[in-house]
Every structure is written in C-alpha cells, then in structure tokens.
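Each chain, written out:
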Amino acid sequence: MKRVAAYRAPSPGTQPDHLHPPYVSSLKRAPTKPQVAIPYTLSEVTGPLFGAEIVVPRASDLTQQHSGEPLGERIIVSGRVLDEDSRPLPNTLLEIWQANAAGRYLHEVDQHKAPLDLNFTGCGQAVTDAEGRYRFVTIRPGEYPWRNHYNAWRPAHIHFSLFGPAFATRLVTQMYFPGDPLLPFDPIFNCTADEKARNRLVSVFDWEITMPEHALGYKFDIILRGREATPMEE
Amino acid sequence: MSLQATTSQTVGPYFKIGLEWLNRDNLVGKGVSGERVTIQGRVVDGDGAPVPDAIVEIWQANAHGKYDHPEDTQDKPLEPGFKGYGRIATNADGVFRFTTIKPGPVPGPDGKEQAPHLVVSVFMRGVLRRTVTRIYFPDEPRNAADFILNLVEPARRSTLIAKKAAGDPGTLEWNVVLQGPDETVFFDLGL
C-alpha cells in the first residue's frame, strides 16, 4: 500500500480565515466550528483534469465573442501557473469573469446603474501551455459600488478560478490592478494578515506583454500549492 | 519551496457568468455501471436562511473505486462515461440537486479501504476560501471503520452522511449548514 504525499499547508497569514468581520457577508456564512484536520488520501490528491480541447480559441479573447468590439480599454492579461517549487503547471484550466468597462456584470443580481455592453459577456477560459503560460485579451473592468459599508467600492478586479492537478490545489482568487486607489479600503483584498501575500494579487504592468498600437499588458502569475516529498513505500 | 501559494478570494455574487459553462448536475454518461443516486440538499446560513448564490463541486471515484486521474494507479477499470466531476449552483431556495453513482471504496491512510464517499468543495459570496467536506452514504457498513469519519467527534458525524429522502427511495438528502448546532463538518486541507 503506497501512502500519498500531502500538499503543503499555507505559510501563516497568507490565506484568509473563513470569518473576516470587515467583510459583512462572512458573518452569517463563515463556518464557526474548528475545521477537522485530516490526512491526505487518494480522494484529495486526485481531481478533475481538463485538456486543452475543452476550450475554444476565442474563449480567451473576451473582446471577440460578439459581432462588435466591447467598449473600454483593451488589455492583455498573461502569466504563468506554477507550483510553490516554481515548476510550471501545464494543462491547467483557468476560468475568468469580470465586470464590463462601466463596472457592470452581465448578471441579473447586479443592479448597479451603469450600462451593460451588448458586445461584452465578461467570461473567458484558457488552458495553460507546456510552460504553464496563459493569455487573455479583455477590457479593463470598471470599479463598482457594493453595500458592504458606507460608500463602499470594489477596486477593479478579474475573478480567476483554477483546478490544478488535484482536488487539493483548487483555487478561486481575484486579480487587481497596480495603483488602484481603492485597494487600501477593500475588505476582500485586505483579508490576509500578510501584506506581501495580498500584494501578490496585484498584477504588474509589463512591457513584454504590452502590444504596440494595440493594448497594455499586465502580468499575473498564479501559484498553486506545492507538495511534500513523497513518503516511502510501506 | 521558493514561492507561496496565491491567496484565495471569494467567488463573489456573480460567478455564474464565469462558471456556469462547466456546470454538471448529471455525472453519469452512457454505459456507466453502479447504483444511480440523486443527491439533493440545501445550503443554509447562520440564520437558517437559504444561500441562493453558492456553488457545489463534486469529485468522486467510479463504481469500481477508481479515480479518473493518473495518480490513481490501482488495478481497477476506468469507464469512459464517468469522469467523476460535478458542479451545481444553488437555486433561489438554496437547493442543489445532482445525479451520480455510488462510488466504490478507495484506499485510506491506514491501508484499509475508505467507506464510499464524495469529496465536496462549496464556494459562495461571503466565504473567502473554499469550504471542503464529504458526503458519505446511509446504510453503509464501511462507515463505522472509516478512517476520516473516525477523526470527527461522534455527535457531528451525521452531518457528513446523506439520509434517505422521505417518500423518494432513489433520492438522498444532504445539507450544507454553515453555522449553528447542526453545522456541517468542514475539513482542513490547508485551503
């Protein structure tokens, strides 16, 4: 019987707790009892894998999904998906979703008085290549108000969802933009004790990704959990 | 270790835009063996109010106890019609429902087989990192010796075991209770 190697626990302060009182929605939804620590089994070190065939090419270009081009500033968001040992993670599915340039989501719950854009759905998918790279073309999302506290505004952000190689590596996160004045006031962004950890959610303006006469580029690398050394056979 | 894992963030209220394309509420394709089950439940918050904006993800082995993943090296058959992945959004009443097969047992950390189970992630607005839990099956003799169930205090184990739905023999009921005396057991996997 072969024992499975565990995935590493996060460094202290780099991941949010479930309860984060400044984020009001967490008060009634965050589990309150201690989580039960369990060893890794085959159930957690396996997980759904999706090959490149699951996404169509235009799924990674959010500006080409309709008959016309969406309004707003076209941008390129690109980076690598790596594990904590800097190994690239190929064939990893990324799903993104975001507001349009005016700060409005194409969602029935979003009642913000900002216009929808018939040429922008705001969702995309990509699968990483052999070096763990991905690339999305989209428009810069707008900031928008929410009701967490008085005069609350979400900084511009893009939601990211990744599976990685196992159930254990599943990650949902958000990417922010450099220099956004709303970042210090956002309870979701400021959910970690570790300031460096949260600042890694801020993408970096990048000349290599930027295309002349076309679009600014932002680099956003995503790190999925690394693994302990494989235990010996019993 | 040279890098640190990216910080988790909430899926927020608008995840449907980005995640709905990969929703799967029927995990069973053509020619798949095993006992069909429909599992239905509700996600409720600390006030007992339904959570209409949660998303439940399922990962499980097939009826032989084999995962469709290269790290499962057991000498057991895969079935082309069964991947083992499900994604179901809750409706306005906080209800989710999916159809699958009861998985076979898979190896556990003590070298013995685990009782048949599904591993589950639940994401929602208000929760900054995913919650992780398991669904076990009723009337399953292996439950008593299951390594993971036995790590849970006895009074709370029932939150992990689906119940037969009243008046509907093909359906199991399993709820996600986020807070309170009946709070579902959530596991610490680091994330």
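Residues numbered from 1 in each chain as written. Chains lettered and ligands numbered in written order. Predicted model: local features only at pLDDT ≥ 70, side-chain atom pairs only at ≥ 80, totals over all residues.

A. The arrangement of the overall build of chain A in detail. A tally of regular secondary structure across chain A gives 2 helices and 12 strands. Taking 17 Å as the expected radius of gyration for a compact globule of 234 residues, we find that chain A reaches 19 Å, a close match to that expectation. Its C-alpha atoms put chain A at 60 × 40 × 30 Å along the principal axes. Burial analysis of chain A (234 residues in total) assigns 46% to the buried set. Pairs at least 24 apart in sequence give 72% of the contacts found in chain A among residues at least 6 apart. (Helix = DSSP H or I, 4+ residues; strand = E, 2+ residues; numbered from the N terminus. Rg over C-alpha atoms; globule rule 2.2 N^0.38 Å. Buried ≥ 20, exposed ≤ 12 C-beta atoms within 10 Å, placed from the backbone. Contact = placed C-beta atoms within 7 Å.)

B. A look at the sheet that holds strand β3 (residues 85-89) of chain B. Residue and element names in this part refer to chain B. With antiparallel pairing, 4 strands are arranged side by side in an open sheet as β3-β2-β5-β6. Both outer strands of the open sheet, β3 and β6 (131-136), are each paired with one neighbouring strand and no more. When the angles between neighbouring strand axes are averaged without regard to direction, this sheet yields 25 degrees. Pairing between strand β5 (residues 117-124) and β6: 6 bridges, direction antiparallel. Bridging across to β6, Val120 finds its partner in Thr133. (Pairing = 2+ DSSP bridges. Axes fitted to C-alpha atoms, helices over the stretch in contact; angles between N-to-C directions.)

C. The interface of chain B and chain A, seen in detail. Listed as interface residues are 61 residues of chain B and, on the opposing side, 71 residues of chain A. Contributions of two or more residues to the side of chain B that touches chain A are made by α1 (16-19), β5 and β10 (187-188) of chain B. Residues belonging to the side of chain B that touches chain A are distributed by class as follows: 30 nonpolar, 20 polar and 11 charged. In terms of strand pairing, strand β1 (residues 36-37) of chain A meets β10 of chain B through 2 bridges, oriented parallel. Across the sheet, residue Val36 of chain A finds its bridge partner in β10 of chain B, namely Phe187 of chain B. (Nonpolar A, V, L, I, M, F, W, Y, C, P; charged D, E, K, R; others polar.)

D. Just the sheet that holds strand β4 (residues 123-127) of chain A, in detail. Residues and elements named next belong to chain A. One open sheet holds the 4 strands; their spatial order is β4-β3-β8-β9, and the pairing between them is antiparallel. At either end of the open sheet lies a strand with only one pairing partner, and these are β4 and β9 (171-176). Ignoring which end each strand starts from, the neighbouring axes of this sheet average 25 degrees apart. Direction of pairing for strand β3 (residues 93-98) relative to strand β8 (residues 157-162): antiparallel, over a ladder of 5 bridges. Pairing of Glu95 across the sheet is with Ser161, part of β8.

E. View of the confidence of the model for chain B. Confidence in the prediction for chain B averages 96 pLDDT; 98% of positions are at 70 or higher. Overall fold confidence for the complex sits at a pTM of 0.97, while the interface term, ipTM, reaches 0.97. (pLDDT = per-residue confidence, 0-100.)

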